[in-house]
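Chain by chain, the residues:
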Amino acid sequence: MTILNKNTKLSASLLFATLAVGMSAQSASAAGYPEKPIVFVVGNNPGSVQDLVARRLARLVEVSLKVPVPIENRPGGGGVPSWVQVKNQPADGYTITLTGLSSYGVRVGKAVKVEDFQTIGVLHTSAVLIASKGDGPYKTLADLAKTAVSEPGKISIAGTGATGYNAYMAKLFSDQAKSRTKFIPMTGGNKSVAALLGGHVDAIGGGSSLVANLKKSGTVNILAVATAKRHPAWPDVPTFKEQGFDIQLVHEQSIMVKSGTPADRVAILRKAFKAAAESEDYKKFSIEGVFDPTWTDGEGVDKDMRARIERLQNVKKLLQ
Amino acid sequence: MDSFYLLSDGFSVALMPANLLACLIGVVLGTLVGVLPGIGPVTTMAMLLPLAYGSSPTTMLILFSGIFYGSKYGGSVTSILMNIPGEGSSVMTCVDGYQMAKKGRAGAAIGIAAIASFVAGTMGVIGLMLLAPPMATFALSFGPPEYTALVVMGLTCIAFLSGTSMTKALLMGCLGLALTLPGIDPISGDERLTLGLPFLISGVDFVVVGVGIFAVGEVLYNIETHSAAAVFTAPKKFWELMPTIEDIRRSTVPILGSTVLGFLVGVLPGGNPGIATFLSYGATKALSKDKELFGTGDIRGVAAPESADNAAVSGSLVPLMTLGIPGTGATAMMLAALILAGLQPGPLLIQEQPEFFWAVIASMYVGNVLLLIINLPLAPVLAKILLVPYRILYPFILVVCTIGTYSVNNSLTDVWLLGFFGLVGYLMRKLDLPAVPLVLAVVLGPILENSLRQTMTLFDGDLTQFLQRPIAASLLAVATLMFVTPVTRSILKWRSELAAAKST
């Protein structure tokens, strides 16, 4: 009997201890988010501009969130595989993604739906620009427009993405110059640059960070940036608007999680990424890479996401 | 003379303890990840990228380039021993390397791969050191039309790899091209032939097709037909485990020629090391008198692609160092590491940072010597893996294939696809259909599609403009010659056989 009693007591106390540990762990998971690594999915190759942005942000939020934020690259497929990856994980805030909004807007609707995601926030990053070869015949946007008008269809502009902002910029430029140009879609920014420097195309469209180092050495001329004002890092580069073209396009990068992620966790992520995006460290990085580090909270973004996507899908239709 | 002083300065930096250690870690790590299919140098560098914050750009690039060329030394091991092509550029090594292993000459094959890699690696560094700026001009002379012509030339190698039947080879080539079609259309950006299956959106990965058809297919076929003892001839004496003087003599010309070819293709930022290996194998076979030996375990069939692959590594550093443009995934990682370490490579890099450039050059000489010292004695040891009984060896090969394939995208779907392509490979062996043309087309298909469609836009659909581009026109002429010669030969052979059959 006594033995049995002892055993019952022991198991009871063990049970109690287990329960207590279990409960404390449970309460920790509610209050103590995050308590394990947050996977940061990037839909591009390691070493790409987007990947570098994600790595810099990850390093900054790791400090404030006190957990590791490893990068998981899911390149190819125009970003779709990276969104599918986030969609297939639980909505617990432990899988997030950095996404180019123009690419997302064009491809959302089939494998993933708008309602699958909610936005933590938007980082305004590279401005779309147009550049020519440093020792080539086109020193200004006016030079390029002049040839485009006198010899319609002669000017070729290369850039990544067939239906993205680079192609849209080229389309707006030729429409407003009342002419016709050829857009050559490339599989990577580096390949556009190589085609430009080799004289195989007349100009390239791309994000500003693409040509930052080549501008310094005079290897490329940046003819115009598609922002409202000149970038502080490049006071000598005029905007499209200054040169009579109504073109304003910015490659926006947004941080997204799966819909249904608890609101308190979204708030924690939002706070951490906002602080990172507005930190001195990220500002310095954005000057080097010529980004615009403006943070927009995801709440407002999600409200007009459908309108945004409609605009982007119209752009796509226009380009086809 | 100037270069000599700069290089000796470079050596004094490269031999500093921290840099020497970085070089050693890089080449050892590179060899290890090269051996494993799937986990390539790019993944390894991505994992090590956080080290770049606050470190010296020189040390970082010594480490990363060590991983890059080290992986090429390791890559031949699984190709030769297990018929596993870890990446597009090791497909050709499988062809003769695995046949050599079957004949009990795995040690010789691994040994010649190490020697070929060393010679090509070292000559490639000399090329990079002396020719980088003029080579940059050559790199830029290739636009979409030239790449189209180059890939067409790569595809004509199918004619040399046909084995028994040209028709079957061409058919398999077309099947391979078709396999590259599902995914996102590069021009319109629309989903194409994805059949509503989410995993087809990112297309079919080369590793899944190559490893499935080559390695898994081979294992399945052997299980049915032989025991492993019958598949692999056991080497009897120790000297059989090393390349002989005769092997080295026969390999000398292929190694030297393939080094030049590999370096030139490597320099092109839109090229692909796969093209270099296919072309070097095709050229070596075309220029030899005893063509029938290729594919049956000829040592030249290992020496040529291995040297081309390694020379392409040094070549691919040319656009990175002279222009700041990365051509391959590995050089993009190097660029990322340099930027994170605070160095922005551009056209002025070699002038403004000579100590950096020359230290990296010097470290590559050191690294290649280290790799030869590590890899050559390992050849006979590794070759002994094949003496393991087949009921252990075959499951082991399948495990390596599965882990390698899974690790590319962390995707279980890829593992199922690996099984599917394994079955395809098995059936292809049963039906005597050649695997190389199919896999070659899978590697080259996407590059062909992109560059051809870019060219068509540039030319406004007018194909005759190819003839106005000297480089593209000459490459296409060579490609036509390469293709027409064996095809004509097989037609003539067929006609004479037909005539002989009629007369009897």
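As a reminder, the structure under discussion sits directly above these lines.
Residues numbered from 1 in each chain as written. Chains lettered and ligands numbered in written order. Predicted model: local features only at pLDDT ≥ 70, side-chain atom pairs only at ≥ 80, totals over all residues. Heavy atoms only, no water.

J.: Got a minute to help me understand the overall build of chain A in this structure?
T.: Check the secondary structure of chain A and you find 12 helices and 10 strands. Seen along its three principal axes, the alpha-carbon backbone of chain A occupies a region of about 105 × 40 × 30 Å. Long-range contacts, defined as pairs at least 24 residues apart, comprise 75% of the intrachain contacts of chain A with a sequence gap of at least 6. Carbon and sulfur atoms make up 57% of the accessible area of chain A, which totals about 14000 Å². Of the side-chain charges in chain A, 39 are positive and 27 negative, and the distance between the mean point of each set is 4 Å. (Helix = DSSP H or I, 4+ residues; strand = E, 2+ residues; numbered from the N terminus. Contact = heavy atoms within 4.5 Å. Areas by Shrake-Rupley, 256 points an atom, 1.4 Å probe, with all protein chains shown as cover. Lys, Arg positive; Asp, Glu negative; His and termini not counted. Charge placed at Lys NZ, Arg CZ, Asp CG, Glu CD.)

J.: Please clarify how the nonpolar core should be interpreted in this entry.
T.: For soluble globular proteins, nonpolar side chains are generally found buried alongside one another. Counting 113 residues, the largest nonpolar core has A:Trp234 and B:Leu444 as its most contacted members. Here this core takes 11 residues from helix H19 (residues 436-458) of chain B, the largest share from any one element. When sequence neighbours within four positions are dropped, the list of residues in contact with B:Leu444 reads B:Val151, B:Gly154, B:Leu155, B:Ile275 and B:Phe278. Core analysis: the next-biggest nonpolar cluster, separate from the first, contains 55 residues, B:Leu49, B:Met321, B:Leu349 and B:Tyr365 among them. (Core = buried A, V, L, I, M, F, W, Y, C linked by side-chain atoms within 4.5 Å. Buried < 20%, exposed > 50% of the residue type's maximum accessible area, 1.4 Å probe, protein only.)

J.: How should the interface of chain A and chain B be read in this particular structure?
T.: Interface size, as often reported, equals the accessible area lost upon joining of the parts. Counting residues at the interface gives 39 residues for chain A and 44 residues for chain B. Together chain A and chain B conceal approximately 3300 Å² of surface at their shared face, both sides included; 62% is due to carbon and sulfur atoms. Here chain A and chain B share 1 salt bridge between them. For B:Asp460, the salt bridge goes to A:Lys182, with nearest N and O atoms at 3.5 Å. (Buried area = accessible area lost by both parts, 1.4 Å probe. Salt bridge = Lys/Arg side-chain N within 4 Å of Asp/Glu carboxyl O.)

J.: I keep staring at the pattern of salt bridges and nothing clicks. Help me out?
T.: Should the charged atoms of two oppositely charged side chains come close, the side chains can pair. Summed over all chains, the structure comprises 30 salt bridges over all chains. When the shortest N-O distance is used, the salt bridge between A:Asp116 and A:Lys87 registers 3.9 Å. With A:Asp116 in the loop between helix H4 (101-107) and strand S4 (117-133) and A:Lys87 in helix H3 (residues 80-87), the pair connects residues that are 29 residues apart, well separated along the chain. Assessed through its relative accessible area of 16%, A:Asp116 is described here as buried. Classification of A:Lys87 by relative accessible area gives partly exposed; the value is 29%. Between B:Glu87 and B:Lys72 there is a salt bridge; the shortest N-O distance is 3.2 Å. A residue pair is termed long-range when its members are at least 10 positions apart, and B:Glu87 in the loop between helix H4 (57-82) and helix H5 (91-102) and B:Lys72 in helix H4 qualify at 15 residues. What makes B:Glu87 partly exposed here is its relative accessible area of 29%. B:Lys72 gets classed as buried once you look at its relative accessible area, which sits at 5%. Each of the salt bridges in this network shares a partner with another, and the network as a whole consists of B:Asp185, B:Arg192, B:Glu449 and B:Arg453.

J.: How should I be thinking about the environment of B:Gly266 in this particular structure?
T.: Residue and element names in this part refer to chain B. Positionally, Gly266 belongs in helix H11 (residues 245-267). Separated by 151 residues in the primary sequence, Gly266 and Leu417 place their C-alpha atoms 31 Å from one another. If we skip the residues at most four places from it in the chain, Gly266 touches Ala312, Gly315 and Ser316.

J.: Sorry, what's going on with the environment of B:Pro434 here?
T.: Following the sequence through the fold, B:Pro434 ends up in the loop between helix H18 (412-430) and H19. As for B:Pro434 and B:Arg453, which are separated by 19 residues in sequence, their C-alpha atoms are 29 Å apart.

J.: Sorry, what's going on with a nonpolar patch on the surface here?
T.: A surface patch of nonpolar side chains, amounting to about 420 Å² of accessible area, comprises B:Leu21, B:Leu24, B:Ile25, B:Val28 and B:Leu32. Overall, the relative accessible area of 52% leaves B:Leu32 in the exposed class. (Patch = residues over 30% accessible without salt bridge, like charges linked within 9 Å, V, L, I, M, F, W, Y side chains within 5 Å.)

J.: Before we go on, may I ask you to explain the packing of aromatic side chains in this structure?
T.: Each aromatic ring pair is summarised here by two numbers: the centre-to-centre distance and the angle between the ring planes. Inspection of every chain in the model, using the stated rule, returns 15 aromatic pairs over all chains. An angle of 70° between the planes, with centres 5.9 Å apart, marks the rings of B:Phe4 and B:Tyr5 as edge-to-face. A network of ring pairs unites the aromatic residues A:Trp83, A:Tyr104 and A:Phe117 as a single cluster. For A:Lys36, the ring lying beneath its charged end belongs to A:Tyr94, and the centroid distance is 4.7 Å. (Phe/Tyr/Trp six-rings, centres within 6.5 Å; stacked < 30°, edge-to-face > 60°. Lys NZ or Arg CZ within 6 Å of the ring centre and 35° of its normal.)

J.: What am I meant to see in the side chain of A:Lys182 here?
T.: Positionally, A:Lys182 belongs in strand S6 (residues 182-186). Accessibility expressed as a relative area gives 11% for A:Lys182, which makes it buried. Within the structure, A:Lys182 has its side chain in polar contact with the side chain of B:Asp460 (distance 3.5 Å). Other than its neighbours up to four places away in sequence, A:Lys182 contacts A:Gly153, A:Lys154, A:Ile155, A:Ser156, A:Ile157, B:Thr457, B:Leu458 and B:Asp460. (Polar contact = N/O pair within 3.5 Å; in protein donor to acceptor, adjacent residues only side chain to side chain.)

J.: I keep staring at the pairing of strand S3 (residues 95-100) of chain A and nothing clicks. Help me out?
T.: Regular strands place side chains that alternate from one sheet face to the opposite one. Residue and element names in this part refer to chain A. Counting buried residues along S3, 6 of its 6 residues qualify, which places the element largely inside the surrounding structure. Both strand S1 (residues 39-42) and S3 contribute to a ladder of 4 bridges, which runs parallel. Paired with Phe40 across the strands is Ile96, a residue of S3. Alignment of S3 against strand S9 (residues 250-258), held across 4 bridges, turns out to be antiparallel. Its bridge partner lying in S9, Thr99 is registered against Ser254. (Pairing = 2+ DSSP bridges.)

J.: Hey, could you run me through helix H7 (residues 144-156) of chain B in this one?
T.: Every α-helical turn comprises 3.6 residues, leaving residues that sit three or four positions apart pointing alike. All names here are of chain B. Taking 1.5 Å of rise per residue, 13 residues should cover 18 Å, and H7 covers 18 Å from first to last C-alpha, within 8% of that figure. Counting buried residues along H7, 12 of its 13 residues qualify, which places the element largely inside the surrounding structure. When we look at burial in H7, the residues that qualify are Pro144, Pro145, Glu146, Tyr147, Thr148, Ala149, Leu150, Val151, Met153, Gly154, Leu155 and Thr156. In this structure, the buried residues of H7 make contact with helix H6 (106-140), helix H12 (273-286), H19 and helix H20 (470-503). (Expected span 1.5 Å × (residues − 1).)

J.: Explanation requested: the pairing of S9(A) in the structure shown.
T.: All names here are of chain A. Among the 9 residues that make up S9, 7 are buried, leaving the element largely enclosed by the rest of the structure. In this sheet, S9 lies alongside S4 in antiparallel orientation, the contact comprising 8 bridges. Bridging from a neighbouring strand, Leu123 pairs with Gln253 of S9.

J.: Please explain the packing of H12(B) against helix H13 (residues 300-323) of chain B as it appears in this structure.
T.: Pairs of packed helices are described in terms of their axes, by the angle between the two and the distance that separates them. Residue and element names in this part refer to chain B. Taken N-terminus to C-terminus, the directions of H12 and H13 make an angle of 145°; their axes are 8 Å apart at the nearest point. For the crossing formed where H12 meets H13, the hand is right-handed. On H13, the residues that touch Pro273, Ala276, Thr277, Ser280, Tyr281 and Thr284 of H12 are Arg300, Gly301, Ala304, Pro305, Ala308, Asp309 and Ala312. Tallied by class, the residues present in the contact of H12 with H13 amount to 7 nonpolar, 4 polar and 2 charged. (Axes fitted to C-alpha atoms, helices over the stretch in contact; angles between N-to-C directions. Left-handed = near helix turned anticlockwise from the far one by under 90°. Nonpolar A, V, L, I, M, F, W, Y, C, P; charged D, E, K, R; others polar.)

J.: What am I meant to see in the packing of H11(B) against H13(B) here?
T.: Residue and element names in this part refer to chain B. Between H11 and H13, whose axes approach to 6 Å, the crossing angle comes to 30°. By the angle between their directions, the pair H11 and H13 is classed as roughly parallel. The interaxial crossing formed by H11 with H13 has right-handed handedness. Counted together, Arg250, Ser251, Pro254, Ile255, Ser258, Thr259, Gly262, Phe263, Gly266 and Val267 of H11 and Arg300, Ala303, Ala304, Ser307, Ala308, Ala311, Ala312, Ser314, Gly315, Ser316, Val318 and Pro319 of H13 form the full contact between these two elements. Here the contact of H11 with H13 is built from residues that sort into 11 nonpolar, 9 polar and 2 charged. (Parallel < 35°, antiparallel > 145°, perpendicular 65-115°, else oblique.)

J.: Would you mind showing me how to read unusual backbone geometry here?
T.: For residues other than glycine, phi is negative in most cases, and the peptide bonds are mostly trans. Following A:Tyr33, the chain continues into A:Pro34 via a peptide bond in cis, with omega recorded as -5°. Along the chain, A:Pro34 turns up in the loop between helix H1 (2-31) and S1. The backbone phi angle of B:Asp460 is positive, close to 55°, even though this residue is not glycine. With relative accessibility at 54%, the residue B:Asp460 sits in the exposed group.

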